[in-house]
Amino acid sequence: MNIQKPSIPKGTRDFGAIEMARRNYIFSTIRSVFALYGFQQIETPSMENMSTLMGKYGEEGDKLLFRIQNSGEKANEPAEKGLRYDLTVPFARYVVQHKDELTFPFRRYQIQPVWRADRPQKGRYREFYQCDVDVIGTKSLVCELELIQIVQEVYRRFGIRVSLHINNRKVLAGIAEVIGEPEKMMDITVAIDKLDKIGIENVNKELAERGLSNDAIDKLQPILHLSGSNEEKLEQLSVILAESEVGMKGIEELRTIFELVNNSQLPPLGATTLHSKLSTLNLELDLCLARGLNYYTGAIFEVKALDVEMGSITGGGRYDNLTGIFGLPDVSGVGISFGADRIYDVLNELNLYPDTLEQTRLLFATFGEAEQAYALQWAAALRQKGIPTEVYPEPTKMKKQMAYADSKHIPFVAIVGGDEMANNTVMLKNMTTGEQKQVTLEELGNDELNRFAK
């Protein structure tokens, strides 16, 4: 008999206990910040109708959709369903479908996996989690400010130094107008969004392949190379886009966002007492930032870690009519998505996880069945106190039980023998220092573990 070697599809990962503790730390940190700003959690199905997904992500995005093969009588027909590519389009579908139940502006967050038929590489997976936060039903740019504040607070808590890049799709539309190629706006955005990855020469080559004239490509070059402070870039851009109404509207929105950030009376972006090494979060106007998704219409964001070579770890923007394709026009929304899997990789590389994550705090090690029964009663009482506790399931050699505690990084072991049972105590061992002491159940339940850890 041929035994098949177990494997998983490329671009997916298994997560063991340590990895899951770290991932849950990421999810709980992000979730707690979302909740601070009044966002409520929803979930949508893993699969959506193809009619919901197709045409929302641009030409390249549509190619990356995972289609679910039909079964039964329809097995040979085109796929009717697909795995969701992101959480924003399903959210728009949800808003339209449940509009009579919602209070607008509707503030929601969603933490679920998405799937993309992409080529796996560092920081890029076929199955990964997104942590989305959106406000829909208002055009107020205060929402953009709050998203920037959320980015600031999330990465402050993680201790990751980041740079937040911002642009506006109206500015990109204005650029397409002034270089004489207004109908090529989507081609321009798809190409220049790759500037960091493929370089200016390859971007220009792609622009030519997409049908832009040499004259238009030449006019685009100085725009792509604007430099200076955010305000200086906006001033230069105002001159370039002076004849474009939509472009000037985008500049006005960007100015408002920068003013809101500057006037929000926050501590300097990135300042923290928990992670004093963090410098000010860099908020940078990036005219090459395009975000290739078709549905963005206003401000667009992208966040990158400063100390790790990695793609964007957060991104998003404003969309003015995403719900329109589902029958509810002119409902503006804005949101951002935190890439949990990339954040996980960044935290791993920088070793920024807390010393104590979800894990067993105390293990009972016993010499016999009577001692084990005694330990089980103590363990039940300590669990009621909220102390994560295990009892080693077999009264075996103490060396084996201690090795188990070591392998699981359990910080304390409560040893139960005949003397301990007679005295109604346990011998508590600090696995880090090796120190041992007799303690009572009452002492264990009254923060003795924390005192003994010091």
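Residues numbered from 1 in each chain as written. Predicted model: local features only at pLDDT ≥ 70, side-chain atom pairs only at ≥ 80, totals over all residues. Heavy atoms only, no water.

### Side note on the overall build of the protein
Line of reasoning, step 1. On a plain count of helices and strands, the protein comes out with 16 helices and 16 strands.
Line of reasoning, step 2. Projected onto its principal axes, the C-alpha coordinates of the protein cover approximately 90 × 60 × 50 Å.
Line of reasoning, step 3. Each of the 454 residues in the protein was classed as buried or not, and the buried ones make up 52%.
Line of reasoning, step 4. Accessible surface for the protein amounts to roughly 22,300 Å². Of this, 49% is attributable to carbon and sulfur atoms.
Line of reasoning, step 5. The distance from the centre of the 52 positive side-chain charges to the centre of the 63 negative ones in the protein is 4 Å. (Helix = DSSP H or I, 4+ residues; strand = E, 2+ residues; numbered from the N terminus. Buried < 20%, exposed > 50% of the residue type's maximum accessible area, 1.4 Å probe, protein only. Areas by Shrake-Rupley, 256 points an atom, 1.4 Å probe, with all protein chains shown as cover. Lys, Arg positive; Asp, Glu negative; His and termini not counted. Charge placed at Lys NZ, Arg CZ, Asp CG, Glu CD.)

### A look at the packing of aromatic side chains
Line of reasoning, step 1. Taken as a whole and judged by the stated rule, the model has 17 aromatic pairs.
Line of reasoning, step 2. A ring pair is formed by Phe 15 and Tyr 344, whose centres lie 5.9 Å apart and whose planes are at 80°; its orientation type is edge-to-face. Here the residue Phe 15 occupies a position in the segment before helix H1 (17-36), and Tyr 344 occupies one in helix H12 (residues 340-350), the gap between them amounting to 329 residues.
Line of reasoning, step 3. With 5.7 Å between their ring centres and 70° between their planes, Tyr 25 and Phe 158 make a pair best called edge-to-face. Here the residue Tyr 25 occupies a position in helix H1, and Phe 158 occupies one in helix H5 (residues 142-158), the gap between them amounting to 133 residues.
Line of reasoning, step 4. Judged by relative accessible area, Tyr 25 falls into the buried class, the value being 15%. (Phe/Tyr/Trp six-rings, centres within 6.5 Å; stacked < 30°, edge-to-face > 60°.)

### Side note on the sheet that holds strand E12 (residues 362-366)
Line of reasoning, step 1. Read across the sheet, 5 strands follow the order E13-E12-E14-E15-E16 without closing on themselves; strand pairing throughout is mixed. Here the strands that pair on one side only, and so sit at the sheet edges, are strand E13 (389-391) and strand E16 (436-439). In this sheet, adjacent strand axes meet at a mean angle of 25° when their direction is disregarded.
Line of reasoning, step 2. Pairing between strand E15 (residues 426-430) and E16: 4 bridges, direction antiparallel. Paired with Leu 428 across the strands is Lys 437, a residue of E16.
Line of reasoning, step 3. With respect to the sheet, helix H13 (residues 369-384) is in contact with E12, E13, strand E14 (412-416), E15 and E16, its orientation differing from that of E13 by roughly 165°. (Pairing = 2+ DSSP bridges. Axes fitted to C-alpha atoms, helices over the stretch in contact; angles between N-to-C directions. Contact = heavy atoms within 4.5 Å.)

### Observations regarding the pattern of salt bridges
Line of reasoning, step 1. Scanning the model with the defined rule gives 26 salt bridges in all.
Line of reasoning, step 2. Its salt-bridge partner being Lys 63, residue Glu 59 comes within 3.8 Å of it at the nearest N-O pair. Residue Glu 59 and its partner Lys 63 are both found in helix H3 (residues 58-63); the two are separated by 4 residues, about one turn of the helix. Assigned by exposure class, Glu 59 and Lys 63 land together as exposed.
Line of reasoning, step 3. Here Lys 170 ties to Glu 253 by a salt bridge, and the two come within 3.2 Å at their closest N and O atoms. You can see Lys 170 sitting in helix H6 (residues 169-178) and its partner Glu 253 sitting in helix H11 (residues 245-262), a full 83 residues away along the chain. No difference in accessibility class separates Lys 170 from Glu 253, as the two residues are buried.
Line of reasoning, step 4. A single network of salt bridges, built from pairs that share partners, joins Glu 60, Asp 187, Lys 194, Glu 206 and Arg 210. (Salt bridge = Lys/Arg side-chain N within 4 Å of Asp/Glu carboxyl O.)

### Re helix H9 (residues 214-224)
Line of reasoning, step 1. For H9, the complete set of buried residues consists of Ala 216, Ile 217, Leu 220, Gln 221, Ile 223 and Leu 224. Seen end-on, H9 carries its buried residues on one side only, within an arc spanning 165°. Along H9, the residues that are exposed and aim more than 90 degrees away from the buried face are Asn 214 and Asp 218.
Line of reasoning, step 2. Residues of H9 that are buried make contact with H6, helix H7 (185-192), helix H8 (195-209) and helix H10 (230-240). (Arc of directions from axis to C-beta.)

### Comments concerning H13
Line of reasoning, step 1. Taking 1.5 Å per residue, 16 residues should reach 22 Å; H13 reaches 23 Å between its end C-alpha atoms and fits that length.
Line of reasoning, step 2. Residues of H13 that are buried include every one of Glu 371, Gln 372, Tyr 374, Ala 375, Trp 378, Ala 379 and Leu 382, and no others. One face of H13 carries all of its buried residues, which in axial projection span an arc of 155°. Within H13, the exposed residues directed more than 90 degrees away from the buried face are Glu 369, Gln 377 and Gln 384.
Line of reasoning, step 3. Gly 386 sits one or two positions beyond H13 and adopts a positive phi of about 85°. (Expected span 1.5 Å × (residues − 1).)

### Structural notes on the side chain of Asp 187
Line of reasoning, step 1. Tracing the backbone through its elements, the reader meets Asp 187 in helix H7.
Line of reasoning, step 2. Of note is the side chain of Asp 187, whose polar atom sits 2.9 Å from the side chain of Arg 210.
Line of reasoning, step 3. If sequence neighbours within four positions are ignored, Asp 187 has contacts with Leu 207 and Arg 210. (Polar contact = N/O pair within 3.5 Å; in protein donor to acceptor, adjacent residues only side chain to side chain.)

### Regarding the sheet that holds strand E3 (residues 67-68)
Line of reasoning, step 1. A sheet is described by the order of its strands in space; here 3 strands give the open sequence E2-E4-E3, paired in antiparallel fashion. Whereas interior strands pair on both sides, the edge strands pair on one side only; in this sheet they are strand E2 (47-49) and E3.
Line of reasoning, step 2. As defined by bridge partners, E3 adjoins strand E4 (residues 81-83) across 2 bridges and the pair is classed as antiparallel. Looking at the pairing, Ile 68 lines up with Lys 81 of E4.

### Quick notes on the environment of Ser 227
Line of reasoning, step 1. Along the chain, Ser 227 falls in the loop between H9 and H10.
Line of reasoning, step 2. A residue is classified by how much of its surface remains accessible, and Ser 227, at 49% relative accessible area, is partly exposed.
Line of reasoning, step 3. Excluding its chain neighbours within four sequence positions, the residues that come into contact with Ser 227 are Lys 233 and Gln 236.

The quantities given are spatial measurements derived from coordinates; they are silent on function.
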